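Below, each chain spelled out in residue letters.
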Amino acid sequence: MPLEDGDAARQRGQWVNGKVSGTPGLGETEDPLLQGMAAPDSSRTEPALDDKDVTPKGHLQQAGQREEALMAELSGLVQKVVKSSSWWERHGVDISILGCSFLLLPAGFLCLRSAQAIPFLAGVLTLGVVHHTLTVKGSHLASHNALTESKSWGKVWAIFFIELCSAFTVEQATYNHVKIHHGYTNIIGLGDSSTWKLPFLNRYVYMFIAPLAVPILTPLVALDLLRNVEWKAAIRTLCCMFLGLYCHYWLLLHVSGFQSPWSALLCMLLTRSLLAHPYIHVNIFQHIGLPMFAADRKPKRIHLMSLGVLNLPRNALLDWSFGHSLISCHVEHHLFPSLSDNMCLKIKPIVSQYLKQKKLPYNEDTYTSRLRLFLQRYEELMVHAPPLTELVGIQ
C-alpha cells in the first residue's frame, strides 16, 4: 500500500539520482525549506538572545531560538530513554510481531480449505490481518529504517515489505512519505495530505466504499510512479511486485484449494481490503482538519508537529496491524520518526507531559469522534482547500 502523499512528489519534481534523504533524527531540527540556500555571512552581527532586540525581526528570531531550544530539550529527554533501552525494546518487539504474522500464514491458507463457514472466515480474518501487518506496519517501519540500525539491512527490509509484500516502489514510497510528508507536515501543497482527497466522490462513497479499491489502486499507482525512477530500480520493483502477487495467487490455488482463478482473485481482494477502511480513515483523521500552513510561514518543528498531528486511542487490532506510531503515538512518531513503534509507545508519557508542561498542543481524539466530524464536515475538509493558519499568540 502507498504510505502517504503518493502524488505530491510528482507535483514538486523528481528525487535526484535515485537517492532519498531522510527526515531529521533525534535532536536535529533541520528545516527542509532552507536546504540549498546560502549560509549566512558569519561576519554579520546578529542580535543575541539577550540583546532585547525590540524590532519585529528580533522578536521572531528570539521566538525561533526558544522553539529550537524546546525541541533540543525534548530530544535530549528522549535520547536518554533510547540509550537506556535494550535492543529488544528498540527493535525486537516489532520484529517479533512481524515474525508472528509470518508464522500465521500457513494456518490462514489452510483454514481457507474448509467448506465450513467458521474456519473459512477465520482464514480470511487471519490472512487479512497478516497482510496489513506486513504491508502497513512492516512497510512503514522499513521506510524509516526503524527495524534495524544497519542501512544495508534496512534497504533489504524496505524492498521486502514495500515492494514484495505491498506491491509498491521503495524509492517513491520513501521519498513521498519520509521526505515530503514528514519534512513538510501540514504544509499546503506539500505534506498537507491532499492526495488522500477525491472531491468527485460523496462522503459515504469515499468513507465506506472507495477503500475496497485500495488493493487494486496500489499497484496501478506504483506502475505509474515507476516512470520517475531509474530503469534498474523499475525492473527490480516490477519483479518484486509480480512475485508477491503471484505467490499469493498460487498459494490460494494450490494450498487453499480454490478451483477457479476468479475465486482466488476475489479472495485476494477480500483479504487485502479487510482493514482498508481504517487504513484510509487513520491517514486522514490524524492530519486533515488540523492547522495548515503556508511554506513560507510555517512554525518551527516542535510547534508544527504538535499543532498538525493527532493521536487516536489505543486499539488492539490496529496497534498490532498498523503499529503504535500510526495510531496512538502519531505525534511522537512525527517528532522522532526514526524510532520503532515500541519506542514511540515508550516515550509517549515523556512527550505528552513535556508538551503539556510547555503549554503546547497535544492533540488526541477518538476514532468515532473523528469519523463523525468527517461525515458532518466532509465538504469543508475533503473537497475545499484547507485554510491557512496564522500563528497568533503562540510565538
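Everything numeric here is computed off the predicted structure, so don't read it as measured data.

**Considering the confidence of the model for the chain**
Put simply, the chain has an average pLDDT of 85, and 81% of its residues get 70 or more. Low confidence marks residues 1-25, where pLDDT is under 50. Its contacts with residues over four positions away, or in another chain, come to 72 contacts.

**Structural notes on a nonpolar patch on the surface**
Together, Ile216, Leu217, Leu220, Leu223 and Leu238 make up a nonpolar patch on the protein surface, roughly 450 Å² of accessible area in all. With four residues, helix H8 (residues 214-225) is the single largest residue contributor to the nonpolar patch.

**Quick look at the packing of helix H11 (residues 276-285) against helix H16 (residues 367-376)**
Packing of H11 against H16 leaves a shortest axis separation of 11 Å and a crossing angle of 80°. Comparing their axes, H16 and H11 come out roughly perpendicular. Residue-level contacts link His277, Pro278, His281, Val282, Ile284 and Phe285 of H11 to Tyr367, Arg370, Leu371 and Phe374 of H16. Residue composition of the contact of H11 with H16, by class: seven nonpolar, two polar and one charged.

**Brief notes about the packing of helix H3 (residues 87-111) against helix H15 (residues 341-357)**
In the contact formed by H3 and H15, the axes pass within 7 Å of each other and the chain directions differ by 130°. Classed by the angle they form, the pair H3 and H15 counts as oblique. Counted together, Glu89, Arg90, Val93 and Asp94 of H3 and Asp341, Asn342, Met343 and Lys346 of H15 form the full contact between these two elements. When its residues are assigned to classes, the contact of H3 with H15 shows two nonpolar, one polar and five charged.

**Observations regarding helix H5 (residues 151-165)**
The α-helix winds at 3.6 residues per turn, so residues separated by three or four positions along the chain end up facing the same way. Compared with an ideal rise of 1.5 Å per residue, which puts 15 residues at 21 Å, H5 spans 20 Å between its outermost C-alpha atoms and is within 8% of the ideal. Buried residues of H5: Gly154, Ala158, Ile159, Phe161, Ile162, Glu163 and Cys165, and no others. Each element contacted by the buried residues of H5 is listed here: H3, helix H4 (117-143), helix H6 (170-182), helix H9 (231-254) and helix H10 (261-272). The opening residue of H5, the one whose side-chain oxygen lies 3.4 Å from the backbone nitrogen of Ser152, is Ser150. Ala167 sits one or two residues past H5 and shows a positive phi near 60°.

**Remarks on the environment of Asn363**
Mapped onto the fold, Asn363 is located in strand S2 (residues 363-364). Sequence separation of Asn363 and Val331 is 32 residues, and the distance between their C-alpha atoms is 8.0 Å. Setting aside its immediate chain neighbours within four residues, Asn363 contacts Leu290, Ser306, Leu307, Gly308, Val309, Leu310, Asn311 and Val331. A polar side-chain atom of Asn363 sits 3.0 Å from the main-chain carbonyl oxygen of Ser306. Of the polar contacts made by the side chain of Asn363, one reaches the backbone oxygen of Val309; its length is 3.1 Å.

Definitions and cut-offs
Residues numbered from 1 in each chain as written. Predicted model: local features only at pLDDT ≥ 70, side-chain atom pairs only at ≥ 80, totals over all residues. Heavy atoms only, no water. pLDDT = per-residue confidence, 0-100. Contact = heavy atoms within 4.5 Å. Patch = residues over 30% accessible without salt bridge, like charges linked within 9 Å, V, L, I, M, F, W, Y side chains within 5 Å. Areas by Shrake-Rupley, 256 points an atom, 1.4 Å probe, with all protein chains shown as cover. Salt bridge = Lys/Arg side-chain N within 4 Å of Asp/Glu carboxyl O. Helix = DSSP H or I, 4+ residues; strand = E, 2+ residues; numbered from the N terminus. Axes fitted to C-alpha atoms, helices over the stretch in contact; angles between N-to-C directions. Parallel < 35°, antiparallel > 145°, perpendicular 65-115°, else oblique. Nonpolar A, V, L, I, M, F, W, Y, C, P; charged D, E, K, R; others polar. Expected span 1.5 Å × (residues − 1). Buried < 20%, exposed > 50% of the residue type's maximum accessible area, 1.4 Å probe, protein only. Polar contact = N/O pair within 3.5 Å; in protein donor to acceptor, adjacent residues only side chain to side chain.

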